[in-house]
Amino acid sequence: MSAPSSPSIVLSFEDARRVVEEHAAGIRAASFKGARTQNTESLDLLSAAGRVLAESVAADRDIPPFPRATRDGYAVRSADLANLPTTLDVVAEIKAGAQPGEIPCQVKSGQAAAIMTGAPAPAGADAIVMVEYSSRQDKPAAIARVEISRSVAPGENIVARGAEAKSGSQLLTASCQLNHAAIALAASVGKSRLKAFVRPRVAVLTTGDEIVDLDTEPGPTQIRNSNSYSLAVQVQQAGGEPVLLPIAPDEPKRLRELIEQGLRSELLLMTGGVSMGRYDLVEQVLAEMKAEFFFTGAKIQPGRPVVFGRAGASKDEAQKKQAPEGRKSSPLWHTYFFGLPGNPVSTMVTFELFARPMLEALAGMLPRRLIFLHAQLKSEIRSKTGLKRFLPAIFSGEFENAKVELVRWQGSGDIRATASANCYIVIPPDRENIPAGDWVAVLMR
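Each chain carries its own residue numbering, running from 1 in the written order of its sequence. Local features are withheld for residues below a pLDDT of 70 in this predicted model, meaning they are given only at 70 or higher, and side-chain atom pairs are given and counted only at 80 or more; totals for whole chains, interfaces and linings count all residues. Note that the side-chain values use all heavy atoms of the structure and ignore hydrogens as well as water.

Caption draft 1: Layout of the overall build of the chain. For the chain, the count of helices and strands is eight helices and 29 strands. Contacts are assigned to residue pairs that have any heavy atoms within 4.5 Å of one another. Long-range pairs, those at least 24 residues apart, make up 76% of the contacts in the chain with a sequence separation of at least 6. Accessible areas in this description were obtained via Shrake-Rupley with a 1.4 Å probe; residue shielding takes into account the shown protein chains only. On the chain, roughly 22,700 Å² of surface is accessible, and the fraction owed to carbon and sulfur atoms is 49%. Working definition: helices are DSSP H or I runs of at least four residues, strands are E runs of at least two. Numbering for both runs from the N terminus.

Next comes the structure, spelled out in structure tokens:
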């Protein structure tokens with residue numbers, strides 16, 4: 001009896017991406033039904049950077065907690081500037097961090113208070129007016145009166161108390177990634193520790209008799225294992241914890257053992273063995289394991305033979321398994337997997353296009369749409385039609401003048417060319433010629 005084979009499901013890039021996004025959204029929804037919300041840890045603020053927030057963060061007081069000056073100038077009553085020029089009595093100087101006793105009780109009609117950026121505006125003043133001086137030397141250290149020759153609108157250069165957030169209002173929502181701005185916001189409300197989702201474990205399995213470990217001297221027709229390491233870095237950057245498995249030979253029994261080991265993680269990434277060759281065994285072994293395939297190819301280059309599916313034990317059997325020491329179990333009884341093409345550039349590209357959103361969802365993040373930038377093409381591109389192409393390129397230029405140009409490369413095995421690139425030019429499947437000067441879509445790395 002012949003071995004079972006996986007169905008052939010080849011989708012357009014857009015359809016394949018939508019399939020992944022739909023499953024990623026399902027993972028994220030499952031994570032907030034109670035099971036996975038327990039898979040969190042409390043971290044100090046800096047250790048939480050880059051992680052995915054598992055709790056909401058609220059304002060502990062109004063932000064700002066007082067009417068705040070946004071410019072250096074004079075706090076005034078805007079009504080006093082109806083007839084210009086006018087001269088006002090300067091009754092105080094208010095610096096940032098001024099204590100209540102250093103702030104006048106009220107600025108009355110005909111008065112002004114010198115004020116610095118970030119300082120609390122005094123009662124009675126409803127605007128900040130700037131007075132221009134030709135140089136710092138011309139600006140007096142202290143003055144009793146100031147002549148003003150321009151009007152201001154009520155509220156100009158003052159942020160009202162609570163304008164940014166009211167006490168108790170939500171500032172950060174669960175599922176947001178804690179970038180530098182989110183960390184700053186948490187710090188501003190006194191959060192020295194944050195609850196974050198545990199990084200999902202992502203198994204990385206490289207296959208092929210031609211692949212050897214880094215510390216092994218390769219034979220004349222062998223190559224060192226670079227894919228496991230590029231994927232491990234991409235996994236870390238996407239919020240996961242890579243688990244590098246031994247290299248799988250082109251032999252069904254050992255390959256199955258390693259796939260089963262990889263399915264104990266929350267996501268399995270396999271590289272190599274997914275093309276149509278006689279020794280490309282990954283899909284065959286997965287089919288024997290009753291895996292469910294969502295697609296077995298996408299109309300892209302590089303990376304056409306990419307595979308996406310899920311496999312695992314029954315739900316009851318999965319619940320009996322022990323989670324790794326120190327970790328809580330995932331609520332998902334099955335494990336999603338990707339079979340990525342073995343050529344290094346194909347591996348890198350297909351991870352970014354398809355595997356990243358799944359990993360981010362497992363990390364607790366809201367799925368994000370893929371957005372391309374646009375830049376002007378420096379040199380003409382000639383291409384075959386039929387596939388959407390993601391080709392290594394250099395994004396350059398200055399300010400609004402974005403330029404992009406393909407790097408010279410020798411196909412999807414050319415790691416050196418890809419290492420020199422900082423983006424991919426995206427070529428539509430119906431474009432055979434793109435002249436220099438045209439605007440093209442760009443996927444940043």
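Caption draft 2: Representation of the pattern of salt bridges. The salt bridge criterion pairs a side-chain nitrogen of Lys or Arg with a carboxyl oxygen of Asp or Glu, the two atoms within 4 Å. Under the counting rule described, the total for this entry stands at 19 salt bridges. For Glu21, the salt bridge identified is with Arg17, shortest N-O distance 3.0 Å. In this pair, Glu21 and Arg17 are both assigned in helix 1 (residues 13-31), four residues apart and thus about one turn of the helix distant. This pair shows no difference in class: Glu21 is buried, exactly as Arg17 is. With a closest N to O distance of 3.0 Å, Arg145 and Asp89 form a salt bridge. Between buried and exposed lies partly exposed: a residue is buried under 20% and exposed over 50% of the maximum accessible area for its type, with that area taken using a 1.4 Å probe on protein chains only.

Caption draft 3: Quick look at the nonpolar core. Buried Ala, Val, Leu, Ile, Met, Phe, Trp, Tyr and Cys residues form a nonpolar core when they are joined through side-chain atoms within 4.5 Å. Counting 56 residues, the largest nonpolar core has Phe338 and Phe354 as the members making the most contacts within it. Ranked by the residues each element gives to this core, the list is headed by helix 7 (residues 344-362), at 11 residues. Ignoring sequence-local partners within four residues, the contact set of Phe354 consists of Phe13, Ala16, Arg17, Val20, Phe295, Ala298, Ile300, Val306 and Phe338. Leu245, Val274, Ala291 and Phe337 belong to the second-largest nonpolar core, a separate cluster that totals 23 residues.

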